[in-house]
Amino acid sequence: MRDITFTAATREALAERMAVDPSIFVVGEGIGPRGGNFGTTLGLYEKYGALRLCDTPIAERGFVGLCCGAAMTGSRPIVDFMFFDFILDAMGELFNQIAKMQYMSSGRLTMPILLRGCIGIGSSAATHHSGSYYPIFAHIPGFRVVVPSNPYDAKGLFRTALRSDDPVLFLEHKNILHLKGPVPDEDDDYAIPFGLANVAREGRDITVVSLGLMLRKTLEVAEKLAAEGISVEVIDPRTIAPLDMDTILASLKKTGRILVVDETFAPCGIGAEIIAQVNERGFDDLDAPPARLHGAHTPTPYSPTLEAAVVPTPQSITQAIRDVLAE
Amino acid sequence: MPTKEQSLSLYRTMQVIRQTEEALARSHQAGLIHGACHTYVGEEAIASGVCAHLTHQDAVFSTHRGHGHALAKGVPPRELIAELFGRATGCSRGRGGSMHLFSPEVGMMGTSGIVGPCILQAAGAGFTFKLLNQPHVGVAFFGDGASNNGAFHEGLNLAAIYQLPAIFVCENNQFATEIAITYSTRNPDVWTKAASFGMPGVCVDGNDAGAVWRAAGEAVERARAGGGPTLIECKTYRTRAHAEGMRDGGYRSMEEVEKWKARDPIKLYAAQLTSQGQAASGELDAIAAEVKALVDEAVEFAKASPYPDGATATEHIYA
């Protein structure tokens, strides 16, 4: 074990796989000699050259569609969007082509394409560089959607993504990219399967489900509330497609109360989905109405005071937990 | 020049497409086709002339008017017809219909109900072949309508900057459904747009099978040799309506349709072959008769095929 950053963890997973799988290539803007805006491919261009670390024109639809055709014919493309917001220019290729190709070919084609990008509000990046949007992709049949919260999970899930024959969206919150955490030594080949939630903290009184940066904030809150004698169980689904409801429902059975904390929008969102499934399968375990705390349903503003007002904070998470406990 | 064997094979492919399309048009009228049916009648020379140079390892990506591409690439008529009949024996097992024809076994990587993506995907196939050092090519067939779509401009640019083994075949039949190419662009000579991307662009008579065969041969040879992509514009015309059952008036004159029917690519090629002494008319008649038996049998096969089990409707979403 050593402590490395989230970005270093995924970069290690990428480098080790590129060394053994010559069908992997990466496309994106500035992922070649520059090593990626966020350092996601740093040092790889020197090893693998311009075709496998392939800088692109600013043509998201074009290179996503190209990668679709590449994945259909035997290679394993990785699209590095830099900011995940840029994926929106390629939605037709994603929803109508990439997500549907295995189905339309009756399973005779696979779609091993990894789409990664940085998400999240929190650095005055404003509304074209702060989006997350992952519930939209979980809505569509065909995608795997991964939102890791720490370097250990990031590496283990990235390894699984690099072997997946399904299209995977791998979303990295900007504000945890430089977070260091314990990761096994490079010769340890652990991997984390999709659809397996992590119980990030055990507790008795309430279940809180959250992802990515919000998971970090929830853990901070849980630690503080423990001093008051409030015992919070924190569940990190890690992937929202597939979504491990069994772990969430098992936790609810224990605590009787559930809150979903998420940075993305509430309407038709991840909170709505989890709570609907709680109502369907865990209604009898509820001692209080299930609750959700989401980011504001608004484009992302620039100014720090406005920006802070549109995302869940330790204060609002604490209050939401108290509200559920008071029911 | 193609050999006699190649010429007869080209003629036969055109006959397979024409006769299959005519069988599909009759089947549509008979209510055997559940959804859309866009025929390729009048454009047979293009798919036949291009695919004559391809192997099953070469990857073809096509558009909504894709029956001809599937047939020319090697999908048997019975699998195409069964697909439009919605049967389990169809090339997409009943999941696709006219606009989603898949047969990766022969390198038919799909037709699409969306105009444009095939251009990007053919570039992507070219990327794989270059990355893995394979001597194959990616080929996109698309109409003039796609040439005004961003996918055309992004795809050709990407293929050019990476020098990918890809062929972009624009079938300029002059109408995007009912919108004339002269309305939708101030430069209706699609082939000239290749220059914007630093790529060879050629223009051929899309109703002249020999001309298409020669242009495609050069482009495929160049791509296989590492010389990069080519744009081929084939000027042509569809002589049936946009889709079976649709009106075919108002946006074009019947005189114009008749003028193009007189330039029927199959008749033109038959005349070329006989006048050049490459084939006797009896040989060509025998091919047409052999194809008729094949297509008749294919229709019967499709009619007799079972529908897919509804319980399988959510299979194959994930690997």
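Calculation criteria
- Residues numbered from 1 in each chain as written.
- Chains lettered and ligands numbered in written order.
- Predicted model: local features only at pLDDT ≥ 70, side-chain atom pairs only at ≥ 80, totals over all residues.
- Helix = DSSP H or I, 4+ residues; strand = E, 2+ residues; numbered from the N terminus.
- Rg over C-alpha atoms; globule rule 2.2 N^0.38 Å.
- Buried ≥ 20, exposed ≤ 12 C-beta atoms within 10 Å, placed from the backbone.
- Contact = placed C-beta atoms within 7 Å.
- Expected span 1.5 Å × (residues − 1).
- Nonpolar A, V, L, I, M, F, W, Y, C, P; charged D, E, K, R; others polar.
- Core = buried A, V, L, I, M, F, W, Y, C linked by C-beta atoms within 7 Å.
- pLDDT = per-residue confidence, 0-100.
- Axes fitted to C-alpha atoms, helices over the stretch in contact; angles between N-to-C directions.
- Parallel < 35°, antiparallel > 145°, perpendicular 65-115°, else oblique.
- Left-handed = near helix turned anticlockwise from the far one by under 90°.
- Pairing = 2+ DSSP bridges.
- Right-handed = clockwise from strand over helix to strand, strands pointing away.

What follows covers the overall build of chain B. Within chain B one finds eleven helices and seven strands. What you see for chain B is a C-alpha radius of gyration of 19 Å, in line with the 20 Å of a compact globule of 319 residues. Each of the three principal axes of chain B carries a C-alpha extent, and together these read 55 × 50 × 40 Å. A buried classification covers 55% of the 319 residues belonging to chain B. Contacts in chain B between residues at least 24 apart in sequence constitute 74% of all its contacts with a sequence separation of at least 6.

A word on helix 6 (residues 150–161) of chain B. Taking 1.5 Å per residue as the helical rise, helix 6 of chain B with its twelve residues ought to reach 16 Å, and the 17 Å between its terminal C-alpha atoms agrees with that figure. B:Ala151, B:Phe152, B:Glu154, B:Gly155, B:Leu156, B:Leu158, B:Ala159 and B:Ala160 are the residues of helix 6 of chain B that are buried. Next to the buried residues of helix 6 of chain B lie helix 3 (60–72) of chain A together with helix 5 (117–131), strand 3 (166–172) and strand 7 (230–235) of chain B. At the C-terminal side of helix 6 of chain B, B:Gln163 shows a positive phi close to 50°.

With that settled, the discussion passes to the interface of chain A and chain B. Opposite the 35 residues of chain A that make contact, chain B presents 35 residues. If you tally residues by element for the side of chain A that touches chain B, the top one is helix 3 of chain A, at ten residues. Of the residues in the side of chain A that touches chain B, the class split is 14 nonpolar, 16 polar and five charged.

What follows concerns the environment of A:Arg257. All names here are of chain A. Tracing the backbone shows Arg 257 in the loop between helix 9 (245–255) and strand 13 (258–262). Along the backbone, Arg 257 and Pro 290 are 33 residues apart, and their C-alpha atoms lie at a distance of 6.6 Å. Those residues in contact with Arg 257 that sit more than four places away from it in its chain are Asp 205, Ile 206, Thr 207, Asp 287, Ala 288, Val 324 and Leu 325.

Another aspect to go through is the nonpolar core. Nonpolar side chains tend to gather and get buried jointly when the protein is soluble and globular. Residue and element names in this part refer to chain B. Ile 119, Ile 167, Phe 168, Val 169 and Ile 232 are the most contacted members of the largest nonpolar core, which totals 191 residues. Considering each element in turn, this core owes the most residues, nine residues, to helix 5. Discounting chain neighbours no more than four positions away, the residues touching Val 169 are Ile 46, Val 50, Val 139, Ala 140, Phe 141, Ile 232 and Cys 234.

Bringing the confidence of the model for chain B into the picture now. Looking at chain B as a whole, its pLDDT mean stands at 97, while 100% of the residues score no less than 70. Model confidence for the complex is summarised by a pTM of 0.97, with the ipTM given as 0.97.

All right, on to the packing of helix 3 of chain A against helix 6 of chain B then. One can describe the packing of helix 3 of chain A onto helix 6 of chain B by two numbers: an axis separation of 9 Å at closest approach and a directional angle of 70°. Between helix 3 of chain A and helix 6 of chain B, the crossing angle belongs to the class labelled roughly perpendicular. In the crossing of helix 3 of chain A with helix 6 of chain B, the sense of the turn from one axis to the other is right-handed. Facing helix 3 of chain A, whose interface residues are A:Arg61, A:Gly62, A:Phe63, A:Gly65 and A:Leu66, helix 6 of chain B presents B:Gly150, B:Ala151, B:Glu154, B:Gly155 and B:Leu158. Residue composition of the contact of helix 3 of chain A with helix 6 of chain B, grouped by class: four nonpolar, four polar and two charged.

Attention shifts here to the sheet that holds strand 11 (residues 232–236) of chain A. All names here are of chain A. The five strands are arranged 9-11-10-13-14 in an open sheet whose pairing can be described as mixed. One side of each edge strand has no neighbouring strand; the edge strands of this open sheet are strand 9 (198–201) and strand 14 (291–294). When the angles between neighbouring strand axes are averaged without regard to direction, this sheet yields 25°. When strand 10 (residues 206–210) meets strand 11, the two strands line up parallel, connected through four bridges. In the sheet register, Ile 206 faces strand 11, and the bridge partner there is Val 232.

Before going further, it helps to spend a moment on unusual backbone geometry. The amide bond that connects A:Ala241 to the next residue, A:Pro242, takes the cis arrangement and shows omega of 0°. Mapped onto the elements, A:Pro242 comes out in the loop between strand 12 (239–241) and helix 9. The backbone of A:Arg238 sits at a positive phi, close to 70°, despite the residue not being glycine. Topologically, A:Arg238 is positioned in the loop between strand 11 and strand 12. Its identity is not glycine, yet B:His316 carries a phi of approximately 75°, on the positive side. Tracing the chain through its elements places B:His316 in the segment after helix 11 (281–304). With 18 C-beta atoms counted inside 10 Å, the residue B:His316 sits in the partly exposed group.

All names here are of chain B. Here we have five strands laid out as an open sheet, ordered 1-2-3-7-6, and parallel in their pairing. Of all strands in the sheet, those with a lone pairing partner are strand 1 (59–61) and strand 6 (201–205), marking the two edges. Neighbour-to-neighbour, the strand axes of this sheet turn through a mean angle of 20°, independent of strand direction. Bridge count between strand 1 and strand 2 (residues 138–143): three bridges; the pairing is parallel.

Residues and elements named next belong to chain B. With seven of seven residues buried, strand 3 is to be regarded as a mostly interior element. Burial along strand 3 is two-sided: Ala 166, Phe 168, Cys 170 and Asn 172 facing one way and Ile 167, Val 169 and Glu 171 facing the other are all buried. In this sheet, strand 3 lies alongside strand 2 in parallel orientation, the contact comprising six bridges. Looking across to strand 3, one finds that Phe 141 is bridged to Val 169. Once you follow strand 2 into helix 6 and on to strand 3, the crossover reads as right-handed.

This brings us to the environment of A:Val208. Residues and elements named next belong to chain A. Checked against the element boundaries, Val 208 lands in strand 10. The buried category is assigned to Val 208, around which 31 C-beta atoms lie within 10 Å. When the C-alpha positions of Val 208 and Gly 74 are compared, they lie 42 Å apart, and in sequence the two are 134 residues distant. Ignoring sequence-local partners within four residues, the contact set of Val 208 consists of Thr 218, Val 232, Val 234, Leu 259, Val 261 and Ile 321.

Attention shifts here to helix 10 (residues 270–281) of chain A. Spanning twelve residues, helix 10 of chain A covers 16 Å between terminal C-alpha atoms, matching the ideal 16 Å at 1.5 Å per step. Where the residues of helix 10 of chain A are buried, they touch helix 6 (134–138), strand 10, strand 12, helix 9, strand 13 and strand 14 of chain A.

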